[in-house]
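# Coordinate inspection notes
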Amino acid sequence: MSFWEVLCLVLYSSIIAVLGVYGLHRYQLLRLFYRYHPTPVPQPDRFAELPFVTIQLPLYNEYHVVERLLEAVGQIDYPRDRLQIQVLDDSQDETRGKAREGVARLAAQGLDIEYLGRTNRHGFKAGALAAGLERAQGEFVLVLDADFVPNPDILQRAIHYFTDDSIGMVQMRWGHLNRSYSLLTRIQSIFLDGHFIVEHTARNRSGRFFNFNGTGGIWRKKAIYDAGGWQHDTLTEDLDLSYRAQLAGWQFLYLPEIEVPGEIPIEINAFKSQQHRWTKGAVQTAKKVLPRIWRSALPAKVKVEATFHLTANLCYVMMLLMALLTVPVLSIRSQLGWERFFIIDLPLFSFATMAISGFYITSQRVLYPDWRRQIKYLPMLMAVGMSLCINNTRAVIEGLVGYQTAFLRTPKYGLTGRRAVRPQHWGRKQGQGQRRKYLSRWPLLSLGELGMALYFVFALYHAYATGLYLGMPFLLLFHAGFLYTGLLSSGQRWFHRVS
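### So, the environment of Phe482
Inspection of the secondary structure assignment puts Phe482 in helix α17 (residues 472-498). Overall, Phe482 belongs to the buried group, its relative accessible area being 0%. Sequence separation between Phe482 and Glu449 is 33 residues; the distance between their C-alpha atoms is 5.1 Å. Once you skip the residues sitting within four places of it in the chain, Phe482 turns out to touch Met386, Ser387, Cys389, Ile390, Glu449, Met452, Ala453 and Phe456.

Here it is, written out as C-alpha cells:
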C-alpha cells in the first residue's frame, strides 16, 4: 500500500476507535439507567405554607403560540397570593400585541401578571431571564418556553421537593404535543425521549451532573445567584448555568413522572437550526466549564461523565470525516480483501446500531404501551442522526474557534397531533394574507447534504461491484439520511414559493 493509503486506513481506524469509545459510553448510561430506574424518587416532605413562586415566560416572535401558553399558565393550580407571572417579551412583531392582550385578560381574572418588553435583545433569552429575575418576587422560578403547555398541577406536584434545602433545581420531562404529526416529529420525539428517559435518569440518580433543559424546570432563585446568574456567553445558557450551579454545590433532581408537553419543530430547517444551536452551545459550555470541573475536588465519575456529556458532539466531526473517507477505504479493501478489516467493521456495526437501538428502544418501552411500533422508525432515526454531521460539524467548529452568532429561535405554529393544516395558512398575518410566518431560511448546506447522498450512491455501487456486502447496510443508512435531509431542506423553500 502507498503512504496515502496507509494514512487513510489509520485515520479511518482512529475515527472508529473514537466513535467506539462514545458507543461504550452509551452502554454505560444504559447500565446506570437499568440499575437506578427501578428505584422511585422518594416522596418529599411538604411545605406547611406554599412558597412564593415566579413563573417566567420568555418570548420572541411567538405569534402562533402565545395565546395557548398564557391560557395554560392562567389555569395553573396554585394560590394566587403566592404566584407571580412574568411575560418576558423580546418580540419584534405582532406577538407584542397578543401578549399584552393576554396579560390584560389574566390580570382581570385576579392574577399577578406583568408584561416586561425589552427594547433590545441584549443577551437573548439569558438576558431576558436575568432582567426578569431582578423583579422576581418568588423564592422559586418556573421557566416555561412559549411552545410548552403546562398541566394545571405542575407546581403542586413539583414544588414540595424544595423542602430539601440542598435542591437548587427540579427538571421535569418534556412531552410532545405533535409527536405523531409527521415522520420528522416522530424521529425527534424518540431522540428527545432517549435524552430525558435514559440520560437524565442515569446521570441524576447515579450522582453525576445533569442539566436543566431551558424549560419545564423550577429553580431556587438563590441557586441562580450563587452560580453567577444567567450568562449569555454561550448559546446554551441553561446547560452553562446547570454546571455552574452544581459546581457551586447545589443538588439537582429529575422528575420523569411529571410531564410538560411541548411542540416539536415540524420543519427540517428549524430542526437543524435548533440542533446547530444546541451543538454549538454545548461546545462553548465545554470550553468554559470543563477546566473548572477537572480542577475541582469532584469525584472522578462526575468529571468523566461531564466530559463525555459536553464533548459528545465531537462525534459529528468524526462521522463526517468517516463519511468522506468511505470511498477511498472501500477501494483499499477491495484490493486487500474485506476479511482483514472485519475487526473494524464489527465494532462499527455494533456501536452504531446496537448501542443506539438499545438506547432509544429503552426509552420507548418505558413511556409507551405501543413501544414495539416505534422500532420501525429506528433505521430512519439513525439515518437522520448521521445526516446531521454536516450541520453539526459546522456548529462544533464555530464553537471551538469562538465564532459568535445570534440566538436563533425555533419557529412554532401551535400544531398538535396529525391535524391537517395547509402549510400556506400556517402563518397568515391578520388582514395581510402573508404565507408561512417565521418560515426557516433555506440553508446552503442542504446542497452539501444532497452532494453526500450522491456520493454514497457511488459508494454503494462500488461496494456491490467489489463484493464488499458487509458494509452496504451502513452505507445505505448514510445515503438515506443525507437524501432525506437534503431534499426536505431544499424542498421547503420551493414548497413555500408554489403554495
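Right, picking up where we left off after that structure.
### Quick look at the packing of helix α1 (residues 3-36) against helix α11 (residues 314-324)
If you want to describe how two helices pack, look at the angle between their axes and the distance between the axes. At a minimum axis distance of 10 Å, the contact between α1 and α11 shows a crossing angle of 145 degrees. In the crossing of α1 with α11, the sense of the turn from one axis to the other is left-handed. Contacts from Tyr12, Ile15, Ile16, Val18, Leu19 and Tyr22 of α1 reach α11 at Cys315, Met318, Met319, Leu321 and Met322. Per-class residue counts for the contact of α1 with α11 are eleven nonpolar, no polar and no charged.

### Focus: the sheet that holds strand β2 (residues 83-89)
In space, the seven strands of this open sheet follow the order β3-β2-β1-β4-β6-β5-β7, with mixed pairing throughout. Looking at the sheet topology across the chains shown, the edges are occupied by β3 (113-117) and β7 (251-262). Ignoring which end each strand starts from, the neighbouring axes of this sheet average 20 degrees apart.

### With respect to the environment of Tyr63
Structurally, the position occupied by Tyr63 is in the loop between β1 (53-59) and α2 (66-74). Counting along the chain gives 35 residues from Tyr63 to Lys98, while the straight-line C-alpha distance between them is 7.3 Å.

### Considering the packing of helix α8 (residues 237-247) against helix α9 (residues 268-295)
As a packed pair, α8 and α9 sit with axes 9 Å apart at the nearest point and diverge in direction by 10 degrees. Considered as vectors, α8 and α9 are oriented roughly parallel to each other. Here Leu239, Asp240, Tyr243, Arg244 and Leu247 of α8 come into contact with α9, specifically with Ala282, Thr285, Lys288, Val289, Arg292 and Ile293. The residue inventory of the contact of α8 with α9, partitioned by class, reads six nonpolar, one polar and four charged.

### A word on unusual backbone geometry
Look at Asn61: it is not a glycine, yet its phi comes out positive at around 50 degrees. Relative to the elements of secondary structure, Asn61 occurs in the loop between β1 and α2. By relative accessible area, which is 11% here, Asn61 ends up buried. The backbone of Phe124 sits at a positive phi, close to 55 degrees, despite the residue not being glycine. Here Phe124 lies in helix α4 (residues 124-133). Assessed through its relative accessible area of 24%, Phe124 is described here as partly exposed.

### Points about the pattern of salt bridges
The final tally for this structure, using the stated rule, is 17 salt bridges. Across the pair Lys288 and Asp233 runs a salt bridge whose closest N-O atoms are separated by 2.8 Å. Remark: Asp233 occurs in the loop between α7 (221-226) and α8 and Lys288 occurs in helix α9; sequence separation between them is 55 residues. Lys288 gets classed as partly exposed once you look at its relative accessible area, which sits at 24%. Asp233 gets classed as partly exposed once you look at its relative accessible area, which sits at 43%. A salt bridge links Lys288 to Asp240; the shortest N-O distance between them is 2.8 Å.

What counts, and where the lines are drawn
- Residues numbered from 1 in each chain as written.
- Predicted model: local features only at pLDDT ≥ 70, side-chain atom pairs only at ≥ 80, totals over all residues.
- Heavy atoms only, no water.
- Helix = DSSP H or I, 4+ residues; strand = E, 2+ residues; numbered from the N terminus.
- Buried < 20%, exposed > 50% of the residue type's maximum accessible area, 1.4 Å probe, protein only.
- Contact = heavy atoms within 4.5 Å.
- Axes fitted to C-alpha atoms, helices over the stretch in contact; angles between N-to-C directions.
- Left-handed = near helix turned anticlockwise from the far one by under 90°.
- Nonpolar A, V, L, I, M, F, W, Y, C, P; charged D, E, K, R; others polar.
- Pairing = 2+ DSSP bridges.
- Parallel < 35°, antiparallel > 145°, perpendicular 65-115°, else oblique.
- Salt bridge = Lys/Arg side-chain N within 4 Å of Asp/Glu carboxyl O.

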